[in-house]
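Fold and geometry: a report
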There are 2 protein chains.
Amino acid sequence: MTKIQGARERARGEITTAIKDEARRQLAAHGAAKLSLRAVARELGMVSSALYRYFPNRDDLLTALITDSYDALGAAAEAALAHSAEQGDAHLARWQAVCRAVRGWALDHPHEYALIYGSPVPGYAAPETTTGPAARAALTLITIAADAYAAGALRVPGATEDRCAGPGAGFPAASAGPGPDPSVPLPAAPAPVLVDTRDLTERLDVALPAAAMAQLAAVWAQLFGLLSFELFGQFDGVIAARDEFFDHAVVGLARTAGLV
Amino acid sequence: MTKIQGARERARGEITTAIKDEARRQLAAHGAAKLSLRAVARELGMVSSALYRYFPNRDDLLTALITDSYDALGAAAEAALAHSAEQGDAHLARWQAVCRAVRGWALDHPHEYALIYGSPVPGYAAPETTTGPAARAALTLITIAADAYAAGALRVPGATEDRCAGPGAGFPAASAGPGPDPSVPLPAAPAPVLVDTRDLTERLDVALPAAAMAQLAAVWAQLFGLLSFELFGQFDGVIAARDEFFDHAVVGLARTAGLV
DNA sequence: ACTAAAACAAGAGCAGTGCTCTCGTTCTTG
DNA sequence: CAAGAACGAGAGCACTGCTCTTGTTTTAGT
């Protein structure tokens, strides 16, 4: 009972990737909304109906492209983190490296970025299978924060006694000056949010206080606000120095995340 | 030579708004990508070709909807600011009111939000006419920051000597504690960014340092990262307490903007 | 008040789309 | 080797955005 199902399955795999490749090409050329099954089939030298043997409908082809995009973004983020970590970069430098990698991938694949972080296609709802790859990129920043927390280099909101509540060496508490210094004791997220983020830390199995995870969730979303504004033309005629603007904003995000 | 061009022009205006209303209805029902000129015409009891007398093509109808959406969002933000200001709210409270109003509008009109802040339609480029209404909502937060700056209640990045460089009463400088307190002297944006934002302050005619405007631009984009994540389903299964999460993130944004 | 010109609604038509069904053919497997 | 599944090809349906033509209505100039 050799499970080697030979030429047919192999051909099916090849044709499936060929379809996705051509679809990605059309995506980059004409955008997601104009992605046409017929055009993909025409370009591949097959008839449109034959394509339905591989993808039951257009939305399923889009789903495949979406999961692939999430995976590609996650891989880029993980590669950046690995490279930065093996160079012995500090936490902030790793954070910047990952953010730059995410932006780099987005700039290189604007249509795929729009596919996963832009407006969802109308009737289409992303299936459960996309949540895993979607979390992959976010997990890189989360692990950086968790590493910083373990090293005692993460400011955790709401921690008043010991501002740096990591299990490692304590962070020296700054004696408050005479004036109001609103930035020192960061306000913690309200309780319902902490419930959500505590659940999140357990599901992701990361050693991080719920308050820190709440900051990370907000920062993660805000990062894509920057990217979407840049990619969707909202900064046109407003910000010209895109690289510098992004880098500066990223250290601000690191600050709100509690990173040094 | 009375310029009263009577019934015809009036009818044209009425039909134009009727078309846009029906298009908005279809937008909310089936999404932007499925907006069909034929369906709009059918619902209005006219033939599809007659619609082209009012909008030369589908994209121009979309453009009209986009400008209307920007205007509606801007009006909502301005109304919230006016209402908050006449109640004598502090700067932070006004900031929260405007952000809540923006989110409220977005939640009430998700498809219109996706139209203006989601992925752009493929071949379509927003014309110049959209930049004005697009800036309207942003201007409300900018004026709040400018008011705070005038009142000496805005932390300006890079201002080391007098941390609060407003023309009003000085902000008491906190004596730095023994430990590193990274949050007190906020790093200013790099020079090329400041060039952009200085130009922006001049064009918008607001009395605000370039460094503060750079923070505002980043914060403005980040605000829509939060909204897009919520509206586009990126928070599904992650954050359940949406209101509290948003409110908490908004005060964080106010902090990075320098608001108290 | 009459006429030329502009604006208009309607219909037919074109090229394209997603998707379904049927028809032979080819490959896999018991 | 034969039953059955998978496959490519084609026709066809209902729909789309858009163009062109036709005849009617309203406006504007004399």
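If you're wondering where the values come from, they're calculated on a predicted model, not measured in any experiment. (Residues numbered from 1 in each chain as written. Chains lettered and ligands numbered in written order. Predicted model: local features only at pLDDT ≥ 70, side-chain atom pairs only at ≥ 80, totals over all residues. Heavy atoms only, no water.)

Considering the overall build of chain A
Along the backbone of chain A there are 10 helices and 0 strands. Secondary structure elements of chain A, listed N to C terminal, follow the sequence α-α-α-α-α-α-α-α-α-α. Of the contacts made within chain A by residues no fewer than 6 positions apart, 68% connect residues no fewer than 24 positions apart. Carbon and sulfur atoms make up 55% of the accessible area of chain A, which totals about 11,800 Å². (Helix = DSSP H or I, 4+ residues; strand = E, 2+ residues; numbered from the N terminus. Contact = heavy atoms within 4.5 Å. Areas by Shrake-Rupley, 256 points an atom, 1.4 Å probe, with all protein chains shown as cover.)

Brief notes about the UniProt feature "DNA-binding region" (unreviewed entry) in chain A
If you check UniProt for "DNA-binding region" (unreviewed entry), the listed places come out as residues 36-55 of chain A in our numbering. For the annotated span residues 36-55 of chain A, helix accounts for 55% and strand for 0% of the residues, and the straight-line distance between the end C-alpha atoms is 13 Å. (UniProt positions renumbered as here; feature names shortened; annotations may be inferred.)

Looking at the environment of G225 of chain A
With respect to the helices and strands, the residue G225 of chain A is situated in helix 9 (residues 210-231). What makes G225 of chain A buried here is its relative accessible area of 1%. Apart from residues no more than four positions distant in its own chain, G225 of chain A is found in contact with A221, Q222, F224 and G225 of chain B. (Buried < 20%, exposed > 50% of the residue type's maximum accessible area, 1.4 Å probe, protein only.)

Some remarks on the protein's contact with DNA strand C
Near DNA strand C you find 25 residues, and of these L37, R38 and R42 of chain A together with R12 and R53 of chain B are the closest. Of all DNA strand C atoms lying within 4 Å of any protein atom, the proportion belonging to sugar or phosphate reaches 51%. Separating a phosphate oxygen of DNA strand C from a side-chain N or O atom of R42 of chain A is a distance of 2.6 Å. Contact distances for DNA strand C include 3.3 Å between a phosphate oxygen and a side-chain N or O atom of Y52 of chain A. (Near = heavy atom within 4 Å. Polar contact = N/O pair within 3.5 Å; in protein donor to acceptor, adjacent residues only side chain to side chain.)

A few points about the protein's contact with DNA strand D
Inspection of the region around DNA strand D gives 23 residues, with R12 and R53 of chain A together with S36, L37 and R38 of chain B positioned closest. When atoms of DNA strand D within 4 Å of the protein are split into backbone and base, the sugar-phosphate part holds 49%. The side chain of S36 of chain B places a nitrogen or oxygen atom 3.1 Å from a phosphate oxygen of DNA strand D. One nitrogen or oxygen atom from the side chain of Y52 of chain B is found 3.3 Å from a phosphate oxygen belonging to DNA strand D.

A word on the confidence of the model for chain A
As a note on interpretation, predicted positions should not be read in detail where pLDDT is low. Residues and elements named next belong to chain A. When pLDDT is averaged along chain A, the result is 86, and 85% of the positions lie at 70 or above. Model confidence for chain A, summarised as mean pLDDT per element, is weakest for helix 1 (residues 7-30) at 89 and strongest for helix 5 (residues 91-108) at 98. Considering only residues more than four positions removed or in separate chains, one finds that residues 161-183, a stretch of pLDDT under 50, has 51 contacts. (pLDDT = per-residue confidence, 0-100.)

Details of the nonpolar core
Among the nonpolar cores identified, the biggest contains 152 residues, and W95, L208 and F224 of chain A together with W95, L208 and F224 of chain B are the most heavily contacted of them. Excluding residues within four positions of it along the chain, W95 of chain B makes contact with L141, I144, L216, V219, V250, L253, A254, A257 and L259 of chain B. (Core = buried A, V, L, I, M, F, W, Y, C linked by side-chain atoms within 4.5 Å.)

Focus on the environment of A148 of chain A
Residues and elements named next belong to chain A. With respect to the helices, strands and loops of the structure, A148 is situated in helix 7 (residues 131-150). For A148 and L259, which are 111 residues apart along the polypeptide, the C-alpha to C-alpha distance reads 7.2 Å. Non-local contacts of A148, meaning those with residues more than four positions away in its chain, are made with H91, A153, L154 and L259.

Here we look at the pattern of salt bridges
Considering all chains together, one arrives at 25 salt bridges over all chains under this definition. R94 of chain A is the partner of D147 of chain A in a salt bridge, and the nearest nitrogen-oxygen pair spans 3.8 Å. In this pair, D147 of chain A is assigned in helix 7 and R94 of chain A in helix 5, connecting sequence segments 53 residues apart. With relative accessibility at 39%, the residue D147 of chain A sits in the partly exposed group. Between K20 of chain B and D68 of chain B there is a salt bridge; the shortest N-O distance is 3.0 Å. Of this pair, K20 of chain B sits in helix 1 (residues 7-30) while D68 of chain B sits in helix 4 (residues 58-86), and the two are 48 residues apart along the sequence. Its relative accessible area of 23% is what places D68 of chain B among the partly exposed residues. In this structure, a network of salt bridges that share partners links the residues K20, D21, R24 and D68 of chain A. (Salt bridge = Lys/Arg side-chain N within 4 Å of Asp/Glu carboxyl O.)

Concerning unusual backbone geometry
Unlike most non-glycine residues, D205 of chain A shows phi in positive territory, near 60°. Tracing the chain through its elements places D205 of chain A in the loop between helix 8 (191-204) and helix 9.

Digging into the packing of helix 5 (residues 91-108) of chain B against helix 7 (residues 131-150) of chain B
All names here are of chain B. Between helix 5 and helix 7, the shortest axis-to-axis distance is 10 Å and the interhelical angle comes to 175°. The pairing of helix 5 with helix 7 is recorded here as roughly antiparallel in orientation. Residues H91, R94, W95, V98 and C99 of helix 5 lie in contact with helix 7, whose contacting residues are T140, L141, I144, D147 and A148. Tallied by class, residues from the contact of helix 5 with helix 7 come to 6 nonpolar, 2 polar and 2 charged. (Axes fitted to C-alpha atoms, helices over the stretch in contact; angles between N-to-C directions. Parallel < 35°, antiparallel > 145°, perpendicular 65-115°, else oblique. Nonpolar A, V, L, I, M, F, W, Y, C, P; charged D, E, K, R; others polar.)

A word on the packing of aromatic side chains
Describing an aromatic ring pair means giving the distance of the ring centres and the angle of the ring planes. Applying the stated rule across the entire model yields 20 aromatic pairs over all chains. Each member of the aromatic cluster is reached from another via a ring pair, and the members are Y70, Y113, Y117, W220, F224 and F232 of chain A together with F229, F235 and F245 of chain B. (Phe/Tyr/Trp six-rings, centres within 6.5 Å; stacked < 30°, edge-to-face > 60°.)

A word on helix 5 of chain B
Residues and elements named next belong to chain B. For helix 5, spanning 18 residues, the distance from its first C-alpha to its last is 26 Å, which sits close to the expected 26 Å at 1.5 Å a residue. What helix 5 keeps buried is the set H91, R94, W95, V98, C99, A101, V102, R103, W105 and A106. Of the surrounding secondary structure, the elements contacted by the buried residues of helix 5 are helix 4, helix 6 (110-117), helix 7, helix 9 (210-231) and helix 10 (242-257). (Expected span 1.5 Å × (residues − 1).)

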